[in-house]
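For reference, the chains in residue letters:
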Amino acid sequence: MVVSSAGGVPALELEQHIEGSGMRPIGDVPLELLLLDPDNPRLPQGLVDLSQESILEHLYRRAALQELAESIFSNGFFSSEPVIVSAPDKDGKRTVLEGNRRLATALILSEDPRATARGLGFRIDGAPAQKRIEALPAVEVDDEQEFETYLGFRHISGLRMWGAGEKARYLWSRVKRAPSSDQIFYRIGRQVGSNARGVRSAYVAYELLEHGRREGIDAELMDYVISERFGVWTRLLGTKNLSSFISFDATQTDLVGVDTAISHIDVARLTEVLADLRPAPGRKEAVLRDSRQVTDYSDAIGDTTALGVLRSSGNLELASTIANRPDLDGQLQGLLDQLDVLTNSVKDGAPVTDETETLAVRLTKSAKILQVTVATFREEL
């Protein structure tokens, strides 16, 4: 089996997918003719500047290129790891549809003008690292539909899976581009090795954020949630109270129904929830830090008193404790029902001992203490 360098496509895997996937090898393509993809799911949807320099800088800052740079610097760019490109435009340039991390790394290592314009560079073993790379091996896409299926299957359910936010953006974009259909979630799920429910969940999670962006919620907050907390956000959507809290009708299953439900959400409350996923100014940690806390958070936003405590203190543990406080009225009613049963048992001739009378006296005293405690607490309120 051919082994690839970090982040590349193993040659055996590539050979298995080229045939019948709408792609064909075209040899080496000069670096200056290769463009980074502005529709790359690794880019935040709110990235306004889609210039090549801006995309390259974003990948440099956020796509963990260092390990890949060290591999290419030491071993060169393996010919068995071609990038996948579009057909040439009128200027002969091709957009890299698969392999943007590899292209970005090559551009920086070779000091391409797009990299030097932003002062981008790698350091390896403490020293600046440069490596002249003139061209990259490439495979051209002939059939875009076949390629979309290959790309989705590879990154959604295959061995090279994207992160949660990247998967969701890809599926969201597929839904947005597809012809309207009652079975759109099902059809895309079949194409990428998922199912209708998985595609719908990803679409809902991402479209809620995009709706919030369109309604004026801070774009930086949205990008933070997508890149850093998207898995937590997705889990939160599956809890019992989140949908009702933001007024989202989660029962809708078709695209039209889902989009309509999203258009009617409470944007102010959505903003509250998203803000809880990012550390507030002056705080080191977010209110909701990881997926283990989503149940506690759901409990807190589902209880008016607990929500007030959460907003005033930022203490999720305290708010959750309040939300899960005992149901005093229900428990007292249960005790009264049991006392009625015991009283009727005594009347019906159940055996009574000195211990029975002692326990009854203790019960009476405990009831008096509870009565005083309740009255005192109500006065304090």
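Residues numbered from 1 in each chain as written. Predicted model: local features only at pLDDT ≥ 70, side-chain atom pairs only at ≥ 80, totals over all residues. Heavy atoms only, no water.

## Topic: the overall build of the protein
The test is simple: Secondary structure counts use DSSP, requiring at least four H or I residues in a row for a helix and at least two E residues in a row for a strand, with both numbered from the N terminus. Partly exposed residues are those whose accessible area sits between 20% and 50% of the maximum for their type, while under 20% is buried and over 50% is exposed, using a 1.4 Å probe and protein chains only. The criterion used for residue contact is that any of the two residues' heavy atoms lie within 4.5 Å. Accessible surface is estimated by sampling points in the Shrake-Rupley manner with a 1.4 Å probe; for residues, cover comes only from the protein chains shown.
Per the secondary structure count, the protein includes 19 helices and 7 strands. Sorting the 381 residues of the protein into buried and exposed places 42% on the buried side. Taking as baseline every contact in the protein between residues at least 6 positions apart, the subset at least 24 positions apart corresponds to 68%. For the protein, the computed accessible surface area is about 20,900 Å², with 51% contributed by carbon and sulfur atoms.

## As for the environment of Thr 253
Tracing the chain through its elements places Thr 253 in the loop between helix H12 (242–245) and helix H13 (255–263). Relative accessible area serves as the criterion here: at 57%, Thr 253 is assigned to the exposed category. Through-space distance from the C-alpha of Thr 253 to that of Arg 200 is 7.6 Å; in sequence the pair is 53 residues apart.

## Looking at the sheet that holds strand S2 (residues 34–35)
Here is the rule: Paired strands are those between which DSSP finds at least two bridges.
The strand order S1-S7-S3-S4-S2 describes an open sheet built from 5 strands, whose pairing is mixed. Every interior strand has two partners, whereas the edge strands, strand S1 (23–30) and S2, have only one. Note: strand S3 (residues 83–85) against strand S7 (residues 135–141), 3 bridges, orientation parallel. Across the sheet, residue Val 83 finds its bridge partner in S7, namely Ala 138.

## Quick word on the packing of aromatic side chains
Quick note on the threshold: In summary, the pairing rule links any two rings of Phe, Tyr or Trp, Trp by its six-membered ring, whose centres are within 6.5 Å, and it sorts them by plane angle into stacked for under 30 degrees, edge-to-face for over 60 and tilted for everything else.
Enumeration over the complete set of coordinates arrives at 4 aromatic pairs. Taking the centre distance of 5.7 Å and the plane angle of 55° together, the rings of Tyr 60 and Phe 122 count as tilted. Residue Tyr 60 is located in helix H2 (residues 52–62), and its partner Phe 122 is located in strand S5 (residues 122–124); the two are separated by 62 residues in the primary sequence. With a relative accessible area of 4%, Phe 122 lands in the buried category. Aromatic side chains Phe 185 and Tyr 203 sit 5.8 Å apart centroid to centroid with 50° between the ring planes, which places their arrangement in the tilted category. Pair noted here: Phe 185 is in helix H8 (residues 184–192) and Tyr 203 is in helix H9 (residues 196–214), with a separation of 18 residues, a long-range link. Residue Phe 185 shares its accessibility class with Tyr 203, and that shared class is buried. Ring-pair connections join several aromatic residues into one group, and the members of that group are Trp 172, Tyr 206 and Phe 230.

## Details of the pairing of S7
Summarising burial for S7: 6 of the 7 residues are buried, a large majority. As paired elements, S1 and S7 share 7 bridges and run antiparallel to each other. Counterpart to Met 23 in the pairing with S7 is Val 141.

## Structural notes on a nonpolar patch on the surface
As a reminder of what qualifies: Only residues whose relative accessible area exceeds 30% and that take part in no salt bridge are eligible for patches, with like-charged residues grouped when within 9 Å of each other and nonpolar side chains (Val, Leu, Ile, Met, Phe, Trp, Tyr) grouped when within 5 Å. Here a salt bridge means any side-chain nitrogen of Lys or Arg lying within 4 Å of a carboxyl oxygen belonging to Asp or Glu.
A cluster of nonpolar side chains, contributed by Leu 332, Leu 335, Leu 370 and Val 374, occupies part of the molecular surface with about 310 Å² of accessible area. Elements represented by at least two residues in the nonpolar patch include exactly helix H18 (328–347) and helix H19 (354–380). With respect to the helices and strands, the residue Leu 335 is situated in helix H18. Look at Leu 335 and you get partly exposed, because its relative accessible area is 48%.

## Considering helix H16 (residues 304–313)
Note the cut-off: By construction, the arc corresponds to the directions joining the helix axis to the C-beta atoms.
Buried within H16 are the following residues: Ala 306, Leu 307, Val 309 and Leu 310. Summarising the axial view, the buried residues of H16 lie within an arc of 160°, below the 170-degree limit, and thus occupy one face. Away from its buried face by more than 90 degrees, H16 exposes Thr 304 and Ser 312. Check the buried side of H16 and you find it contacts H12, helix H14 (267–275), helix H15 (294–301) and helix H17 (316–323).

## A word on the pattern of salt bridges
Opposite charge on two side chains lets them pair, provided their charged atoms get close. Across all of its chains, the model carries 19 salt bridges by this definition. One salt bridge connects Arg 213 with Glu 210, and the closest N-O pair in it is separated by 3.2 Å. Taken together, the residues Arg 213 and Glu 210, both in helix H9 and 3 residues apart, mark about one turn of the helix. By the burial criterion, Arg 213 is buried, and Glu 210 matches it. Salt bridges here are not isolated pairs; linked through shared partners, they connect Arg 24, Arg 94 and Glu 140.

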